[in-house]
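# Residue-level structural notes
Listed below, chain by chain, are the residues.
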Amino acid sequence: MNKLAIDGGTPARSKPLPPNYPGAVFMGPEEEAKVAEVVRSQSPFRYYGIDMQDNVKQLEEQMAGKLAIPYTLGVTSGTAALVIALRAAGVGYGDKVIVPANTFVATPGAVICCNAVPIFVDVDDTLNIDAADLERVMDDEVKAIIAVPIIGTPCDMDPIMAFARKHNIAVIEDVAQSCGVKYKGRYQGTIGDVGAFSFQMNKIITAGEGGAVVTNDVGYFERAVRYHDQGVFRDKARYGIDSSEELNAFAGQNYRMSEVTGSVMLEQWAKLDAIVGNMRTSFDRIRDAVAAELPSIVFRRSPDDAGDIGSNLGFILPDADSAGRFNAALNAELISSYTLYGGKPVYKHPSIWNQRTIEKDNFPFNFPFKNPVVYKDGLCPSAENLIPRAVFIPISPVLTEKDEEEIIAGVIKVYKGLNIEAIQHASVR
């Protein structure tokens, strides 16, 4: 057997894998030309200008068509999309929102920025929400659930939706990391009440920053549009909404997408299928070859394998120590891999754990809830067990067959070299 690179052997690869920026590595002259058009038109604002290009409007229409959803709204970021989605659902002070224990801090952070408080539900071996744990965290102060399909794998939406309808609470889908993911043939983001997308730098498609909000509900949509534009709804006629009175006006923020962002995203949106198709092809080849050679290896489970976009190949190791060694050894082989969020549930992020905000008296955590919100060790035991045991290899949409072969060889080399199979069998006993 070849000596592991971490022990001084020759790495499986001679150079690093492509960077983990799927949309960015697909950028080219198309995006450049679109941005130049905006500059030449001297009209970077979406609602008026000297020679309007209507890029944001076109993006919204193309998203609506592909996602088969009537209402779409371009915004400034994925975090802005979450905040707007929560506001559209009426979330505010005195409310709780159910958040999965495994997500980026922006998800609970958006809840707090809406003056509400996140409570955390456990995950299962998909690393997404465990719907069986929802009843544990439910009380009459909960206003909504945020479902997060983490890094390319769909959530099991049927039981989540059934739970939400039973309790009459809203479902928001945070698909920031998973644009293009499907569940039972439907795009995630369109199954719940409101979907939030991100176009930040390391997302599936990108303009550096940017986001979108989508919904089937015209009431939610009007609230979203108004909140993102200072309480104004400039183009009601476009949606057949009565513009004679402003009875629904309220104070809002400014989360308007610019025409520069819209121009880049028009080209990126056109490339989504190619990016996802390439990732999924490489994902399948690598996973199938590794599984054939290492029948004991445990992959992250998907509730709908056909809907997975293949952006990250996940392994569940027997314990955190094995995961740490597996991760370090893969990187030494020049096969980029990582554990999510330092191997910790999001509620252990210092700002969340300490319920600390910039507001007076740590508002909104100072609300006198009937059932106080407490974060503690063991809050979500499955998340605390699984997250540090999960190792992911990002799958670039520009991998070559040689890249795939070297990843396969490297994973097999490391798994065997670290004798993970024996550890796996010992842990079962």
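You'll find the structure just up there.
Residues numbered from 1 in each chain as written. Predicted model: local features only at pLDDT ≥ 70, side-chain atom pairs only at ≥ 80, totals over all residues. Heavy atoms only, no water.

## Points about the environment of E141
Mapped onto the elements of the fold, E141 is located in the loop between α5 (134-137) and β4 (142-147). Through-space distance from the C-alpha of E141 to that of I275 is 41 Å; in sequence the pair is 134 residues apart. Non-local contacts of E141, meaning those with residues more than four positions away in its chain, are made with G94, D95, K96, F369, K370 and N371. Here K370 takes part through its backbone nitrogen, which lies 2.7 Å from a polar atom of the side chain of E141. (Helix = DSSP H or I, 4+ residues; strand = E, 2+ residues; numbered from the N terminus. Contact = heavy atoms within 4.5 Å. Polar contact = N/O pair within 3.5 Å; in protein donor to acceptor, adjacent residues only side chain to side chain.)

## Considerations on the layout of surface pockets
Taken as a whole, the largest pocket encloses approximately 550 Å³ of empty space. In terms of lining, the largest pocket is formed by 27 residues, of which the most central are Q177, Q200, N202, K203 and Y341. Elements supplying a minimum of two residues to the lining of the largest pocket: α3 (78-88) and α4 (106-113). Of the pockets and cavities examined, the second largest pocket occupies roughly 230 Å³. Looking at the lining of the second largest pocket, the elements that each hand over two or more residues are α4 and α11 (350-353). Residue composition of the lining of the second largest pocket, by class: eight nonpolar, four polar and two charged. (1 Å grid on protein atoms, 1.4 Å probe; cavity = no way out; pocket = protein on both sides within 12 Å on 5 of 7 lines; lining within 4 Å. Points joined across faces, edges and corners; volume = space filled by probe spheres on them. Nonpolar A, V, L, I, M, F, W, Y, C, P; charged D, E, K, R; others polar.)

## Observations regarding the side chain of E267
Along the chain, the position of E267 falls in helix α8 (residues 259-270). Here E267 occupies a buried position and makes no salt bridge, while the nearest side chain of opposite charge, K34, is found at 4.7 Å. Beyond its immediate sequence surroundings of up to four residues, E267 is in contact with E30, E31 and K34. (Buried < 20%, exposed > 50% of the residue type's maximum accessible area, 1.4 Å probe, protein only. Lys, Arg positive; Asp, Glu negative; His and termini not counted. Salt bridge = Lys/Arg side-chain N within 4 Å of Asp/Glu carboxyl O.)

## Some points on the sheet that holds strand β1 (residues 71-75)
Taking strand neighbours across the sheet as the criterion, the seven strands line up as β1-β9-β8-β5-β4-β2-β3 in an open arrangement whose pairing is mixed. Each edge of the sheet is formed by a strand with only one pairing partner; in this case those strands are β1 and β3 (117-121). Recorded for the sheet is a direction-independent mean angle of 25 degrees between the axes of neighbouring strands. Of the strand pairs in this sheet, strand β5 (residues 170-174) and strand β8 (residues 194-198) are connected by three bridges, and their pairing is parallel. Residue pairing for β8: I172 is matched across the bridge by V194. The sheet strands contacting α4 are β2 (96-100), β3, β4 and β5, and the helix crosses β3 at an angle near 145 degrees. (Pairing = 2+ DSSP bridges. Axes fitted to C-alpha atoms, helices over the stretch in contact; angles between N-to-C directions.)

## Points about the packing of aromatic side chains
Following the criterion strictly, the structure yields 19 aromatic pairs and no others. With a centroid separation of 6.4 Å and 90 degrees between ring planes, the pair formed by F365 and Y375 is classed as edge-to-face. Of this pair, F365 sits in the loop between α11 and α12 (381-386) while Y375 sits in the loop between α11 and α12, placing them ten residues apart in sequence. Pairwise contacts between aromatic rings join F120, Y347, W353, F365 and Y375 into one cluster. In this structure, K182 is placed above the aromatic ring of Y187, and the distance from its NZ or CZ to the ring centre is 4.7 Å. (Phe/Tyr/Trp six-rings, centres within 6.5 Å; stacked < 30°, edge-to-face > 60°. Lys NZ or Arg CZ within 6 Å of the ring centre and 35° of its normal.)

## A closer look at the pattern of salt bridges
Under the definition given, this model contains 33 salt bridges. We note a salt bridge from K166 to E135, for which the minimum N-O separation is 2.9 Å. Of this pair, K166 sits in helix α6 (residues 157-167) while E135 sits in helix α5, placing them 31 residues apart in sequence. The partly exposed category is assigned to E135, whose relative accessible area is 39%.

## Details of unusual backbone geometry
Cis peptide bonds are those with omega within 30 degrees of zero, and the linkage from F363 to P364 qualifies with 10 degrees. Positive phi values are uncommon outside glycine, yet N168 reaches one of about 55 degrees. Inspection of the secondary structure assignment puts N168 in the loop between α6 and β5. Note on N168: relative accessible area 71%, which makes it exposed. A positive phi angle is found at L334, which is not glycine, with a value near 65 degrees. Here L334 is to be found in the loop between α10 (320-332) and α11.

Distances and angles like these do not, on their own, reveal function.
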